Amino acid sequence: MQTVWIGTRKGLFVARRDAGKWTLGKPSFPGEPVTQVLVHPHDGAWYVALRLGHFGVKMWKSTDGGSLWQPIAAPAFPPKPGDASPQDDPTPWTVDLIWGLEGGPGELWAGCLPAGLFHSRDGGASWRLVRSLWDRPERKQWFGGGYDHAGIHSILVDPRDPKHVTVAVSCGGVWQTRDRGESWACTSRGMVAEFMPPERREDPNIQDPHRIDHCAARPDVLWCQHHGGLYRSDDGGLQWQPIAPPAPSAFGFAVAAHPADPQRAWFVPAHSDAQRIPVNGRVVVNETRDGGRSFATHGEGLPQHDAYHLVYRHALAVSPDGSALAMGSTTGGLWISEDEGRSWLCVSHDLPPIAAVRCS
Amino acid sequence: MPVVEFAPALTRHVPCPAQRVAAATLRSALDAAFAAAPPLRAYVLDEQGAVRKHVAVFVNAQMIADRARLDVPLADGDKVVVIQALTGG
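Residues numbered from 1 in each chain as written. Chains lettered and ligands numbered in written order. Predicted model: local features only at pLDDT ≥ 70, side-chain atom pairs only at ≥ 80, totals over all residues.

Some details on the overall build of chain B
Which entries qualify depends on this criterion: Only DSSP runs of H or I covering at least 4 residues are called helices, and only runs of E covering at least 2 are called strands; the numbering of each starts at the N terminus. The atom set for the radius of gyration is the C-alpha atoms, and the globule formula is 2.2 Å times the number of residues raised to the power 0.38. Field definition: a residue is buried when 20 or more other C-beta atoms are found within 10 Å of its C-beta, exposed when 12 or fewer are, and partly exposed for counts in between, with C-beta atoms placed from the backbone. Our contact criterion uses C-beta atoms placed from the backbone: two residues qualify when those atoms are within 7 Å.
Each helix and strand in chain B was counted, giving 3 helices and 5 strands. Order of helices (α) and strands (β) in chain B, N terminus to C terminus: β-α-β-α-α-β-β-β. Here the C-alpha radius of gyration of chain B, 12 Å, is about what a compact globule of 89 residues would show, namely 12 Å. Dimensions of chain B along its principal axes, counting C-alpha atoms only, are 40 × 25 × 25 Å. The buried share among the 89 residues of chain B stands at 28%. For chain B, the share of sequence-separated contacts (at least 6 apart) that also reach a separation of at least 24 residues comes to 54%.

Considerations on the overall build of chain A
Along the backbone of chain A there are 1 helix and 28 strands. Compactness check: chain A gives a C-alpha radius of gyration of 19 Å against a globular reference of 21 Å for 360 residues, within 12% of the reference. Along the three orthogonal principal directions, the C-alpha set of chain A runs to about 60 × 50 × 35 Å. With 360 residues in all, chain A has 51% of them scored as buried. Put simply, of all contacts in chain A between residues at least 6 apart along the chain, 49% involve residues at least 24 apart.

Things to note about the pairing of strand S20 (residues 251–257) of chain A
Residues and elements named next belong to chain A. Quick note on the threshold: When DSSP finds at least two bridges between two strands, those strands are taken to pair.
Of all 7 residues making up S20, 7 are buried, and the element is well covered by its neighbours. Pairing of S20 with strand S21 (residues 265–270), which is carried by 5 bridges, proceeds in the antiparallel orientation. Across the sheet, Val255 pairs through a bridge with Phe267, a residue of S21.

Here we look at the confidence of the model for chain B
Low-pLDDT portions of the prediction should not be read for the details of their coordinates. All names here are of chain B. Spelled out, the test is: pLDDT measures how confident the predictor is about each residue, on a scale from 0 to 100.
Chain-level pLDDT for chain B is 93 on average; 96% of the residues reach the 70-or-more range. Within chain B, strand S4 (residues 62–63) has the poorest average pLDDT of any element, 90, and helix H2 (residues 26–34) the best, 97. As a predicted assembly, this complex carries a pTM of 0.94 together with an ipTM value of 0.83.

Section: the pairing of strand S3 (residues 55–59) of chain B
Residue and element names in this part refer to chain B. By the bridge criterion, 5 bridges tie S3 to strand S5 (residues 79–84) in an arrangement that is antiparallel. Within S5, the residue paired with Val55 across the bridge is Gln84. The sheet contact formed by S3 and S4 spans 2 bridges and is antiparallel. For Phe58, the partnering residue across the bridge sits in S4 and is Met63. In textbook terms, the turn of a hairpin is the stretch between consecutive antiparallel strands, and for S3 and S4 this stretch comprises 2 residues, one of which, Asn60, has a positive phi near 50 degrees.

A few points about the nonpolar core
Here is the rule we go by: For this analysis, nonpolar core means a set of buried Ala, Val, Leu, Ile, Met, Phe, Trp, Tyr and Cys residues linked through C-beta atoms within 7 Å.
Counting 105 residues, the largest nonpolar core has Val48, Cys112, Ala254, Ala256, Ala315, Leu316 and Val357 of chain A as the members making the most contacts within it. Beyond its immediate stretch of four places on either side in the chain, Ala315 of chain A contacts Ala254, Met327, Gly328, Ser329, Ile354, Ala355, Ala356 and Val357 of chain A.

A look at the environment of Ser323 of chain A
Residue and element names in this part refer to chain A. Tracing the backbone shows Ser323 in the loop between strand S24 (316–318) and strand S25 (325–328). You can call Ser323 partly exposed: it has 15 C-beta atoms within 10 Å. A sequence separation of 14 residues divides Ser323 from Ser337, and the C-alpha atoms of the two residues are 8.2 Å apart.

A look at unusual backbone geometry
The omega torsion across Leu113 of chain A and Pro114 of chain A is -5 degrees, close enough to zero to call that bond cis. Structurally, the position occupied by Pro114 of chain A is in the loop between strand S9 (107–113) and strand S10 (117–120). In this model, Ser170 of chain A is joined to Cys171 of chain A through a cis peptide bond whose omega is 0 degrees. Note on placement: Cys171 of chain A falls in the loop between strand S13 (165–170) and strand S14 (173–177). You will see that Asn60 of chain B, though not glycine, has its phi angle at about 50 degrees, which is positive. Along the chain, Asn60 of chain B turns up in the loop between S3 and S4.

Some thoughts on the sheet that holds strand S22 (residues 285–288) of chain A
Two strands in a sheet stick together by hydrogen bonds in their backbones, pointing the same way (parallel) or opposite ways (antiparallel). All names here are of chain A. As a reminder, the rule being used: Whenever a helix is involved, its axis is fitted only over the stretch in contact; in every case the axis is a line through C-alpha atoms, and angles between N-to-C directions fall within 0 to 180 degrees.
With respect to topology, 4 strands assemble into an open sheet ordered S20-S21-S22-S23, the strand pairing being antiparallel. Lying at the two open borders of the sheet, with one neighbouring strand each, are S20 and strand S23 (296–298). Geometrically, the sheet is characterised by an average inter-axis angle of 25 degrees between neighbouring strands, direction not taken into account.

Notes on the sheet that holds strand S17 (residues 218–226) of chain A
All names here are of chain A. The 4 strands lie next to each other as S16-S17-S18-S19, forming an open sheet whose pairing is antiparallel. Lying at the two open borders of the sheet, with one neighbouring strand each, are strand S16 (209–215) and strand S19 (241–243). Taken over all neighbouring pairs, the strand axes of this sheet differ in orientation by 25 degrees on average, direction set aside. Bridge count for S16 against S17 is 6 bridges, and the pairing is antiparallel. Within the sheet, the bridge partner assigned to His214 lies in S17 and is Leu222.

What about H2 of chain B?
All names here are of chain B. We apply this condition: Along the arc lie the directions from the helix axis toward the C-beta atoms.
The set of residues buried in H2 consists of Leu26, Ala29, Leu30, Ala33 and Phe34. End-on, the buried residues of H2 take up no more than an arc of 135 degrees, which puts them together on one face. Tucked into the core, H2 has its buried residues touching strand S1 (3–6), strand S2 (19–20), helix H3 (41–44), S3 and S5.

This is the structure we're talking about:
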């Protein structure tokens, strides 16, 4: 791994490894809230999503490694039907946040808050709302988890077949299309939302998967950091299996699946829903190498006392070969591991709050 | 003709000088002003055509009350000013 991209509350940073040392450059978009960054896996273009507090979401693109940025279109909803009463659809049809951003061959997918999924076939020059998901009657049952409205944060493009796309909605469960968005199925069976009334706890359409990831080499193996704990599926999400809560906690936001080994994944535990801070002030990364049956807890190089970092859902990433990881916190800590997560090097304690990291 | 002016907080993103526009309502005045700087529209209005929550529009120093209708009648010489309302940290 030579490069890490870091989307923060106050700009886009790039950390580079040079002569064995990691250094941070000056930010692009200094002072602007970056909610997503994507290095397109097929054409190498860089994309950044901004959430300007006053002026809405914006997107920029660079095709020369971040020297020159060009504004591109941002996802936008079509006009809300005039006959939709507020009671029928209280969701505003205005994009507040670009929460998930991924690329397939010749295409981009953007997951937003409110929970519109948008698709671009022209490198972000235009976007189309995926009406087949937005118009599902189930969408009106979704609700916000931490925000006023539901949002789409995780988008997995199947490396075997880019028409197969899996998205996760907080709170609206996991949804999949196998025809590039023509039709959708809710695939959250097995997940349990303990905070719901008993009759609704196993409802697939109201689950809160904080983050999902898949094993790139075995995409039918999916991992989920759910609001209520950890899950794994080995059948493409048809059935999710709960993972026994590991120490020190099963609560958290981030998960990274090993790209080659379907038994391995990393999580970053926080104390609990009510205390979104590390357990006992120790920042740790939990790793399983046996499909979730057991976990190793890694703390070497991470703050081990009086630390109150939280790692958001997009702020843990693994390199494509699985050898290195990067992790950023809401209090501006950035760490890199070059030994598969066993030990970590602090690159900065002092960045703005980190929303998303990407590894080369 | 009314004059439409955007605050520096907006024009630092999308340059747009103050303009005299032929318009009888606030919405048509804004539409005419955006013709000179099309990307500015999405900074001021959301995709439903309403003024964004943290943007404020003044007509002759009076803030408009309705962010969605924008049907305020304008007369010759009226001054429309679009500013950034203060939020965030």
